[in-house]
Amino acid sequence: MNTNRTLAILKPDCVRRALSGSVLQQIENAGFKVCALHMVQLSRERAEGFYAVHRERPFFNDLIDFMTSGPCIPMVLEKPNAVEAFRTLIGATDPQDADEGTIRKRFASSKAENIVHGSDSPENAHIEIAYFFGDHGSIPVDIS
Ligand code: GDP
């Protein structure tokens, strides 16, 4: 299992509010290298597939509405211990609970519209990277 990579998504609120550059700057300043990146408009089917583990949650439909509300930017990030390092950088799901200086604390407006996704385990990072970059010829580059 490659523990040096994680899957991030700059969510539709990030793109809509023209914060993509600022957030990407903070990600790069924290020492992450961008190995792959593209902008996509998720269909409901693609968003539901990505968030399938949340299907039974009461907020599932709201989450799918949000994630399909505009373009988003999935990306593959590389750094030692990437999953944990990136979760630390983005902060808690609810920006009110996030540590000072984290991306969600700085930029997110609510628990629902919280700017950025980060994989929660190396296993899920592997699955999520394949979900966006595995099957259509967009292979993360080797930047090391
Ligand atoms: P994460 O791993 O920090 O992104 O958090 P979760 O896996 O618990 O939730 C996935 C995503 O669902 C979050 O990042 C939010 O965008 C959204 N979400 C979480 N809780 C709520 C909620 O109570 N209401 C709504 N509308 N969305 C939520």
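All figures in this text were calculated on a predicted structure; none of them were measured in a lab.

### Considering the site of the ligand
Taken together, K11, H54, F59, D62, L63, R87, T93, R104, K111, A112 and N114 form the complete shell of residues around the ligand. With respect to the ligand, the side chain of R87 contributes an N or O atom lying 2.9 Å from an oxygen atom. In this structure, T93 approaches the ligand through a side-chain N or O atom, which is 2.6 Å from an oxygen atom. Coverage of the ligand by the protein amounts to 80% of the 550 Å² it exposes when considered alone. Across the shell around the ligand, the residue classes break down as three nonpolar, three polar and five charged.

### Structural notes on the sheet that holds strand 4 (residues 116-118)
Across the sheet, four strands lie side by side as 2-3-1-4; this open sheet has antiparallel pairing. Of all the strands in the sheet, the pair left with one neighbour each is strand 2 (33-37) and strand 4. Sheet twist, expressed as the mean angle between neighbouring strand axes with direction ignored, is 30°. Alignment of strand 2 against strand 3 (residues 73-78), held across four bridges, turns out to be antiparallel. Note that in strand 3 the partner of L37 across the bridge is M75. Here helix 5 (residues 82-90) sits on the sheet in contact with strand 1 (5-10), strand 3 and strand 4, set at roughly 150° to strand 4.

### Quick notes on helix 5
Residues of helix 5 that are buried: A82, V83, F86, L89 and I90. An end-on view of helix 5 places all buried positions within 130° of arc, on one side of the element. When the buried face of helix 5 is taken as reference, the exposed residues oriented beyond 90 degrees from it are E84 and T88. Residues of helix 5 that are buried sit in contact with strand 1, helix 2 (20-29), strand 3, helix 6 (103-107), strand 4 and helix 7 (122-133). A positive backbone phi angle near 90° is found at G91, which sits one or two residues after helix 5.

### So, the pattern of salt bridges
Tallying each qualifying case throughout the model produces three salt bridges. A salt bridge links R5 to E78; the shortest N-O distance between them is 2.7 Å. Of this pair, R5 sits in strand 1 while E78 sits in strand 3, and the two are 73 residues apart along the sequence. Overall, E78 belongs to the buried group, its relative accessible area being 15%. Here E100 makes a salt bridge to K105, at a shortest N to O gap of 4.0 Å. Classification of E100 as exposed rests on a relative accessible area of 68%.

### So, helix 4 (residues 60-67)
Since the α-helix turns once every 3.6 residues, residues separated by three or four places project in the same direction. Those residues of helix 4 not exposed but buried are F60, L63, I64, F66 and M67. Each buried residue of helix 4 sits inside an arc of 160° when the element is viewed along its axis, so together they form one side. Turned more than 90 degrees off the buried face of helix 4, the exposed positions are N61 and D62. Buried positions along helix 4 lie against strand 1, helix 1 (12-16) and helix 3 (44-50).

So, how was this worked out
Residues numbered from 1 in each chain as written. Predicted model: local features only at pLDDT ≥ 70, side-chain atom pairs only at ≥ 80, totals over all residues. Heavy atoms only, no water. Near = heavy atom within 4 Å. Polar contact = N/O pair within 3.5 Å; in protein donor to acceptor, adjacent residues only side chain to side chain. Areas by Shrake-Rupley, 256 points an atom, 1.4 Å probe, with all protein chains shown as cover. Nonpolar A, V, L, I, M, F, W, Y, C, P; charged D, E, K, R; others polar. Pairing = 2+ DSSP bridges. Helix = DSSP H or I, 4+ residues; strand = E, 2+ residues; numbered from the N terminus. Axes fitted to C-alpha atoms, helices over the stretch in contact; angles between N-to-C directions. Contact = heavy atoms within 4.5 Å. Buried < 20%, exposed > 50% of the residue type's maximum accessible area, 1.4 Å probe, protein only. Arc of directions from axis to C-beta. Salt bridge = Lys/Arg side-chain N within 4 Å of Asp/Glu carboxyl O.

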